[in-house]
Amino acid sequence: MRDHGEVPQRVVEQRIRNRIIEYLELAASFEAQAACQRAVPRVNVAIDVVNQWGDWVRTDPPTRADLPDVFSDAEVETMGAYAEAVNAAAVVLPGGFPDLAEVQRLKEWESLRKTAGEALRVFEVRGRLSEDREA
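Cut-offs applied
Residues numbered from 1 in each chain as written. Predicted model: local features only at pLDDT ≥ 70, side-chain atom pairs only at ≥ 80, totals over all residues. Heavy atoms only, no water. Helix = DSSP H or I, 4+ residues; strand = E, 2+ residues; numbered from the N terminus. Buried < 20%, exposed > 50% of the residue type's maximum accessible area, 1.4 Å probe, protein only. Contact = heavy atoms within 4.5 Å. Areas by Shrake-Rupley, 256 points an atom, 1.4 Å probe, with all protein chains shown as cover. Arc of directions from axis to C-beta.

Caption draft 1: Examining the overall build of the chain more closely. Along its length, the chain carries six helices and zero strands. Ordered by position in the sequence, the α and β elements of the chain form the string α-α-α-α-α-α. The proportion of buried residues among the 135 residues of the chain is 41%. The contacts in the chain between residues at least 6 apart in sequence include a share of 75% that link residues at least 24 apart. As presented, the chain carries roughly 7700 Å² of accessible surface, and 52% of it is formed by carbon and sulfur atoms.

Structure, rendered in structure tokens:
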């Protein structure tokens, strides 16, 4: 018997999937990044975009065998491609508290934005999953 406060692991993974979609919406939009930077000036959005990917996605993206139907094969593939873009951007990110406008001029950051947009389109095929029940 499950405790009423316990959330099934699948629902947790569905919530993580939804946070990945929200993350990709930010990473895919220079305008959203700039708005976030204006709203929270003491947070460095560029560094946050790089670090948040590791918060939501394991080093190796999950496989369908790990989470059947939470992530499709196409979503797993696109997460791997996006991880490469994040790693490339992280390497060239200026140290300290880099200016977001300066970071957005980097070709690696443009690649990150573009790849995030491509990944977002893949995730949007199925959209967000329920945060309350197993879908």
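Once you've had a look at it, read on.
Caption draft 2: Geometry of the environment of alanine 116. Relative to the helices and strands, alanine 116 resides in helix H6 (residues 107-124). As a C-alpha pair, alanine 116 and threonine 78 span 38 residues in sequence and 8.9 Å in three-dimensional space. Apart from residues lying up to four places away in sequence, alanine 116 is in contact with Leu24, Ala27, Ala28 and Tyr82.

Caption draft 3: Here's a closer look at the environment of tryptophan 56. With respect to the helices, strands and loops of the structure, tryptophan 56 is situated in helix H3 (residues 45-56). Classification of tryptophan 56 by relative accessible area gives partly exposed; the value is 31%. Sequence-wise, tryptophan 56 and isoleucine 20 are 36 residues apart; in three dimensions their C-alpha atoms are separated by 6.3 Å.

Caption draft 4: Just helix H2 (residues 30-39), in detail. Taken as a whole, H2 has its buried residues at Phe30, Gln33 and Gln37. One side of H2 holds all its buried residues, which, seen down the axis, span an arc of 60 degrees. Opposite the buried face of H2, by more than 90 degrees, sit the exposed residues Glu31, Arg38 and Ala39. Among the structural elements, helix H1 (9-27), H3, helix H5 (100-104) and H6 are those in contact with the buried residues of H2.

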